[in-house]
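Chain residues, written in single-letter form:
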Amino acid sequence: MDFDYDLFVIGGGSGGVRAARIAASEGGAKVGLAEESRMGGTCVIRGCVPKKLMVFASGYQAMAEDAQAYGWTAQVGGFDWPRFRGHLEKELDRLEAAYRGTLKNAGVTIHDARAVVEDAHTVKLASGERLTAKHILIATGGRPFVPEFPGCEHAITSNEIFHLPELPKRLLVVGGGYIASEFACILHGLGVEVCQYYRGAQILRGFDDEARGHVANAMIERGIRIRCGTDVIRLEKSLTGIRVISTDGSDAEFDAVMYATGRAPNSAGLGLEALGVELGRHGQVIVDEWSQTAVPSIFAVGDVTDRINLTPVAIREGHAFADTVFRGVPTKADHELVPSAIFTQPELGSVGLTEEAAREQEPIEVYAAAFRPMQSAFAGRPDRVLMKLIVSAETRKVLGCHIVAPNAGELIQLAAIAVKMGATKEDFDRTVAVHPTMAEELVTLRKPVRTA
C-alpha cells in the first residue's frame, strides 16, 4: 500500500520534533507533523524555558542586596513586568522559529492544524483533509489539571501565568508539587505576596523527605506562607479580588489564584480508544518498552504516556523510536536513574533513590551535611545548603544523591554521571575536593549520619 507519509507525528513538542527530525534526516523517511498550537510544545512555549527565564528574573533583588554586603553601591527598583514579558515573548518567538527551521531543514512537512486518528494508518486534519501514514506517533504532551469545584473558573494555571497583563499583589498557589513550589518562589522573588496551600503534610511529595523539608523551611524563611493540610472549598469573585474559602475554616482574599495540582495527558478526542489503543485511568497512552501501543502502527512518546514527564526524557523516547523504526537500530529509552532539578529558591537537585525508598530496598548508610555556604554567609543571609548521599551498605554503590543549594540543577547533572556509572562511596572519597566550593562536601563526607 502506498502512503502519503512514512511517519506522521501528532504534536510539535520536544519528543515529537526529535522523532520527526531523526526519522527524516537520518532515517530517510517522508515525515509529516501536525501541531494545533505553537511549535515547541509545553517546554519551549509554556513550561521549562519561560519558567527558567522567570527564575533568573526573580533572583536579581537578592543579588542586589548581597552586592551591598560585598561593598557595592547597588540597588534595583520595582520590577517592570510588561517590559520583561515583552522580551520573553520575543525570545519564545525566536525559539519557535528555530524549531520550525529545524524541521523544515530536515525535510519534515508541517501542518499547522489539529489532527486526530481515524484508523491505524489515517489522520484527519481540522480542515477535513485526510492523510495516510505507515506509522503514526502520538506526542501531544500534557496539560494543567484543575479539579471541578465551585468557582474553579476563577483560577489560572501555569499556562496563563506568563501572559498576565500585570502581576498580582497577592497570589495564592494551590498545590505542593514542583510546579507549584517553583512558581511560589518565582513570584515571591518578583515582589508578589505569596501563599501556598497544599492538602498534604509536606510539599514536594515523592522527593527525599529531608531535602523537601529543607526547601520548605527555606521558602518560609524567605517570606512565603506555606499552609499544609489545607485545600480550597470554593472561590468567589469579589470587588477587590478573589475570596478563598478553605477546608481549615479560613477565609482569605487574593488578587489571583494559581492552580498547580498536577497535569493530565493530552489524549482526549484523538480517536485512540475507538481504534483499540489502550488508555490508562488518567488518560495516558499505554505503550510498551519500545513506545508502541496495542495498535502496531501507532506509537506514543513524552508526557502523553505519563512515564517520566520531563523534556529530556521525551527527547530520548522520540529519538529511540526513530532509531528503532527508521534507522534499523533497535533502541529502548532508558528510564533508570533520571536526574531532575526543581528550580525553587534554593534549588533541589536529585538523582536515584530517596532515603525512604532505599531503606525499603536494602540496608543503607546516609551521609549528609547541612551548612551555610560562604557566599551567602558573608552577606548575612541565613541560607543553608544540604548535600546528601544514600549508600548501599553491601555494595557501597551510591544509590541516591540529593542537593539543596543555589545552582543545584547544575551540580546534580555532574553527580548523576557518577551515580549512573555505578560509583561507590569510596569512588567519591578518592576524588580530590575542589576548594572552596559547596560541592566539595560530596567528596568529604566521611562518616554516615545514620544507618537503616
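- If you check an unreviewed UniProt entry, the chain appears there as Glutathione reductase from Cereibacter changlensis.
- Here is the UniProt Sequence similarities (unreviewed entry) comment for the chain, exactly as written: "Belongs to the class-I pyridine nucleotide-disulfide oxidoreductase family."
- Under Subunit (unreviewed entry), UniProt gives the following word-for-word description of the chain: "Homodimer."

## Some points on the sheet that holds strand 22 (residues 450-451)
Piece 1. Here six strands make up an open sheet; going across it, the order is 17-18-21-20-19-22 and the pairing antiparallel. The open sheet has two edge strands with one neighbour each: strand 17 (340-342) and strand 22.
Piece 2. Pairing analysis gives six bridges linking strand 18 (residues 347-352) to strand 21 (residues 398-405), with the strands arranged antiparallel. Paired with serine 350 across the two strands is histidine 402, which belongs to strand 21.
Piece 3. Relative to the sheet, helix 8 (residues 209-222) contacts strand 18, strand 19 (364-371), strand 20 (385-392), strand 21 and strand 22, its axis offset from that of strand 20 by approximately 175°.
Piece 4. Seen against the sheet, helix 13 (residues 408-420) touches strand 17, strand 18, strand 20 and strand 21 and runs at an angle of roughly 10° to strand 18.

## Thoughts on the environment of glycine 409
Piece 1. The residue glycine 409 is located in helix 13 in this model.
Piece 2. Note: C-alpha distance between glycine 409 and glutamate 347 (62 residues apart in sequence) is 6.8 Å.

## Focus on the pattern of salt bridges
Piece 1. For the coordinates displayed, the defined rule picks out 36 salt bridges.
Piece 2. Notably, a salt bridge pairs glutamate 91 with arginine 94, separated by 2.7 Å at the nearest N-O pair. Taken together, the positions of glutamate 91 and arginine 94, both in helix 5 (residues 81-106) and three residues apart, correspond to about one turn of that helix.
Piece 3. With relative accessibility at 47%, the residue arginine 94 sits in the partly exposed group.
Piece 4. Note that aspartate 383 and arginine 222 form a salt bridge whose closest N and O atoms lie 3.3 Å from each other.

## Side note on the UniProt feature "domain: Pyridine nucleotide-disulphide oxidoreductase dimerisation" (unreviewed entry) in the chain
Piece 1. As annotated by UniProt and renumbered to match this structure, "domain: Pyridine nucleotide-disulphide oxidoreductase dimerisation" (unreviewed entry) occupies residues 338-445.
Piece 2. A distance of 24 Å separates the end C-alpha atoms of residues 338-445, which is 29% helix and 31% strand.

## Topic: the nonpolar core
Looking at soluble globular proteins, one finds that nonpolar side chains tend to be buried together.
Piece 1. Grouped together as the largest cluster of nonpolar side chains are 46 residues, with contacts concentrated most on Met54, Ile161, Phe183, Leu187, Met219, Met258 and Leu348.
Piece 2. Elements supplying a minimum of two residues to this core: helix 2 (41-46), helix 3 (48-58), helix 5, strand 8 (170-174), helix 7 (178-189), strand 9 (193-198), helix 8 and strand 14 (256-259).
Piece 3. In terms of residue count, helix 7 provides more of this core than any other element does, seven residues in total.
Piece 4. When sequence neighbours within four positions are dropped, the list of residues in contact with phenylalanine 183 reads Lys51, Met54, Ser158, Ile161, Phe162 and Met258.

The rules we used
Residues numbered from 1 in each chain as written. Predicted model: local features only at pLDDT ≥ 70, side-chain atom pairs only at ≥ 80, totals over all residues. Heavy atoms only, no water. UniProt positions renumbered as here; feature names shortened; annotations may be inferred. Pairing = 2+ DSSP bridges. Helix = DSSP H or I, 4+ residues; strand = E, 2+ residues; numbered from the N terminus. Contact = heavy atoms within 4.5 Å. Axes fitted to C-alpha atoms, helices over the stretch in contact; angles between N-to-C directions. Salt bridge = Lys/Arg side-chain N within 4 Å of Asp/Glu carboxyl O. Buried < 20%, exposed > 50% of the residue type's maximum accessible area, 1.4 Å probe, protein only. Core = buried A, V, L, I, M, F, W, Y, C linked by side-chain atoms within 4.5 Å.

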